[in-house]
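Single-letter residue listing:
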Amino acid sequence: MRREVPPSEENERGGMGPRKSESPVVPTKPANEGLKELVEGRGGQGVETKEGKMAETLNSGDISTRVRRIAEMARMRRGEALRSIHHAIDLEWLKEAHRRTRKDGAAGVDAQTAAEYGQDLEKNLQSLLDRFKTGVYHAPPVRRTYIPKDGGKRRPLGIPTFEDKVLQTAVKMLMEAVYEEDFLDCSYGFRPGRSAHDALEAVWQSAMHISKHGAWVVEVDIESFFDSIDHEHLRGILDQRVSDGVVRRVIHKWLNAGVMEDGQHSRSESGTPQGGVISPLLANVFLHEVLDTWFVREVQPRLDGRTELVRYADDFVVVCEHERDARRVLAVLPKRFGKYGLRLHPDKTRLVRFERPTGRDGGERPETYDFLGFTHYWGKSRKGNPIVMRKTMAARMRRSLRGIWDWCRHHRHQPVAEQRVVLAAKLHGHYGYYGITNNNWALQNFFHEVKRAWRRRLDRRGGKKRMTWERFTALLKYHQLPLPRIVHSAFRHSARPRA
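Worth saying up front: this structure is predicted, and the values here are computed from it rather than measured.

Thoughts on the overall build of the protein
On a plain count of helices and strands, the protein comes out with 16 helices and 12 strands. Sorting the 499 residues of the protein into buried and exposed places 47% on the buried side. Considering only contacts in the protein between residues 6 or more positions apart, those separated by 24 or more positions represent 73%.

Next up, the structure:
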């Protein structure tokens with residue numbers, strides 16, 4: 001339950017204002033010297049830096065070497081809690097974290113921009129490192145804002161301060177090296193070298209080949225997942241793999257930093273702020289234990305047919321060969337998630353009969369399911385064979401077009417050339433995600449609606465001449481918009497949108 005925190009209240013777990021070091025979540029144990037040497041290098045020698053470049057990051061090879069050492073340590077001691085990994089974070093590591101941190105993001109509660117922080121970068125990073133290592137770092141609350149969701153709802157988003165983003169990135173780099181050795185192949189979200197399109201490909205392969213008759217799909221939606229992660233359960237899961245007191249202490253502070261909204265500071269005993277750099281990794285760690293390993297070790301061996309779990313962050317589906325298995329999975333999932341304080345959305349969690357169409361007249365039409373912004377349905381290939389196809393979800397299409405119409409309305413008085421640049425970037429972004437095989441019609445429809453919105457708003461700018469379609473078509477010859485293009489093709493692994 002969330003409670004408001006008066007500004008004057010002293011809170012020893014990361015309240016407002018400077019204070020002495022907090023007690024770590026996990027008591028700091030004597031460092032394992034062998035592991036420390038593995039991280040820092042034999043003899044404790046530091047890593048060489050590039051001379052004369054204060055704001056430059058460490059050579060990527062040096063950082064990569066340390067990351068590999070941590071990964072090797074995690075692999076050698078699989079199943080054990082690592083307690084001496086914070087030594088890898090030094091000034092050069094923070095410089096690399098600073099390089100990886102986005103510089104164009106919104107400012108946090110301190111209103112400090114990336115440019116302002118970078119004016120005295122080395123001094124700021126050294127101060128950050130000292131505070132992190134000694135335990136006096138104060139995690140500021142995140143600034144609460146909202147972004148639109150489907151159905152007219154709003155999704156809360158937390159915006160940390162820039163310095164907090166840098167430290168979160170540094171800790172993420174460290175913990176990622178550990179947990180990448182543990183994460184399973186069914187997990188795709190926010191992982192190096194993996195993307196949403198990899199998850200979509202895995203689901204496509206499962207639905208196509210799990211059975212000659214098709215599949216039964218359990219479509220799952222976790223209700224308010226990022227706001228519902230129980231802190232105690234998360235700490236218990238982290239205990240299994242990372243017990244480094246310095247690292248755990250700062251994670252504890254981030255979980256208890258709270259949010260600042262309309263001048264009011266509040267904290268919660270559950271949830272990680274969406275928008276925080278560390279949040280996706282913590283979510284993956286949480287679901288790795290709650291869902292992934294449990295499903296592979298406990299559920300799959302007890303089922304009769306083939307089953308495949310595909311998860312991207314908190315979105316996942318289970319593809320089953322037999323209906324009986326699918327119903328058993330659907331029945332046990334709420335109990336499993338309820339054990340960890342999570343709840344499945346009663347309306348969005350369902351069983352989908354996704355069987356291959358027989359082609360007989362009067363046959364029942366197969367159902368469809370949604371995953372990662374696409375509606376999956378059975379269609380026919382050019383040779384007339386049944387094939388799983390994907391198209392842009394209707395709700396996502398409406399939301400994207402609503403954003404286009406709003407932008408055109410608010411910027412219609414800007415020079416046409418400037419408008420074209422922004423609209424082209426929006427189209428490229430849309431094609432870059434939704435440009436997959438068999439989604440041609442949706443891409444063409446989106447392109448047409450963008451042109452229609454632009455012409456309508458240019459027509460409302462005023463003036464003696466109307467922006468007719470004839471005039472608009474002539475204008476497009478000089479201010480061309482990028483045409484729809486399949487970027488993620490089933491017949492070629494990758495392609496880039498044209499500039």
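Thoughts on the pattern of salt bridges
Evaluation of the coordinates by the stated rule reveals 27 salt bridges. Its salt-bridge partner being Glu232, residue Arg235 comes within 2.8 Å of it at the nearest N-O pair. Residue Arg235 and its partner Glu232 are located together in helix α9 (residues 231–239), separated by 3 residues, close to a single helical turn. The shortest N-O distance in the salt bridge between Asp239 and Arg248 comes to 2.6 Å. The partly exposed category is assigned to Asp239, whose relative accessible area is 37%. For Arg248, a relative accessible area of 1% translates into the label buried.

Some details on the sheet that holds strand β7 (residues 307–312)
With antiparallel pairing, 4 strands are arranged side by side in an open sheet as β7-β8-β4-β9. Edge strands, defined here as strands with exactly one partner in the open sheet, are β7 and β9 (350–355). Averaged over all neighbouring strand pairs, the angle between strand axes comes to 20 degrees, with direction disregarded. Pairing geometry for strand β4 (residues 214–221) and β9, over 6 bridges, is antiparallel.

Basis of the calculations
Residues numbered from 1 in each chain as written. Predicted model: local features only at pLDDT ≥ 70, side-chain atom pairs only at ≥ 80, totals over all residues. Heavy atoms only, no water. Helix = DSSP H or I, 4+ residues; strand = E, 2+ residues; numbered from the N terminus. Buried < 20%, exposed > 50% of the residue type's maximum accessible area, 1.4 Å probe, protein only. Contact = heavy atoms within 4.5 Å. Salt bridge = Lys/Arg side-chain N within 4 Å of Asp/Glu carboxyl O. Pairing = 2+ DSSP bridges. Axes fitted to C-alpha atoms, helices over the stretch in contact; angles between N-to-C directions.

The values are spatial; any link to function lies outside them.
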